[in-house]
Amino acid sequence: SAISCCEKCSRWCESLALLHDMRFQEIFPDMFSINSALLSCRNAHRWREALDLFRCVKEFSLQADALSWDFVLATCEECGQWMQAN
């Protein structure tokens, strides 16, 4: 997916923008797209954005999987914000 390509190219902002655009066009992402964006945030040390995205998973009628939890928790931990993952 395009979001996965953004993740591989360290383009976290673009990956989140694509998810936003999908929502605006009433296209619902799958967990692969969400996890790619979460990994992109992790690689860029963007813990706030990762938490915000993680909190939106239910809005997409999805359920976070083990990979999602791993990405968001690791992002917070690596940024010294492990208490924020509460």
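In the block above lies the structure referred to throughout.
Remember, it's a predicted structure, so these values are computed and weren't measured experimentally.

Chemist: What exactly am I supposed to notice about the layout of surface pockets here?
Modeler: Any empty space left between the atoms is revealed when a probe the size of a water molecule rolls over them. Size it by volume and the largest pocket reaches roughly 200 Å³. Forming the boundary of the largest pocket are L16, L19, H20, R23, E49, D52, L53, C56 and F60. Going through the elements one at a time, α2 (12–24) and α4 (47–56) are the ones with two or more residues in the lining of the largest pocket. Broken down by class, the residue content of the lining of the largest pocket amounts to five nonpolar, one polar and three charged.

Chemist: Can you walk me through unusual backbone geometry in this structure?
Modeler: Trans peptide bonds make up most of the peptide bonds, and negative phi angles are found at most residues other than glycine. Positioned with a positive phi, H45 is a non-glycine residue whose angle comes to about 60 degrees. You can see H45 is positioned in the loop between α3 (31–43) and α4. Among the residues examined, H45 registers a relative accessible area of 48% and is labelled partly exposed. We note that S61 has phi near 60 degrees; this positive angle belongs to a residue other than glycine. Its location among the elements puts S61 in the loop between α4 and α5 (66–78). Overall, S61 belongs to the exposed group, its relative accessible area being 66%.

What counts, and at which threshold
Residues numbered from 1 in each chain as written. Predicted model: local features only at pLDDT ≥ 70, side-chain atom pairs only at ≥ 80, totals over all residues. Heavy atoms only, no water. 1 Å grid on protein atoms, 1.4 Å probe; cavity = no way out; pocket = protein on both sides within 12 Å on 5 of 7 lines; lining within 4 Å. Points joined across faces, edges and corners; volume = space filled by probe spheres on them. Helix = DSSP H or I, 4+ residues; strand = E, 2+ residues; numbered from the N terminus. Nonpolar A, V, L, I, M, F, W, Y, C, P; charged D, E, K, R; others polar. Buried < 20%, exposed > 50% of the residue type's maximum accessible area, 1.4 Å probe, protein only.

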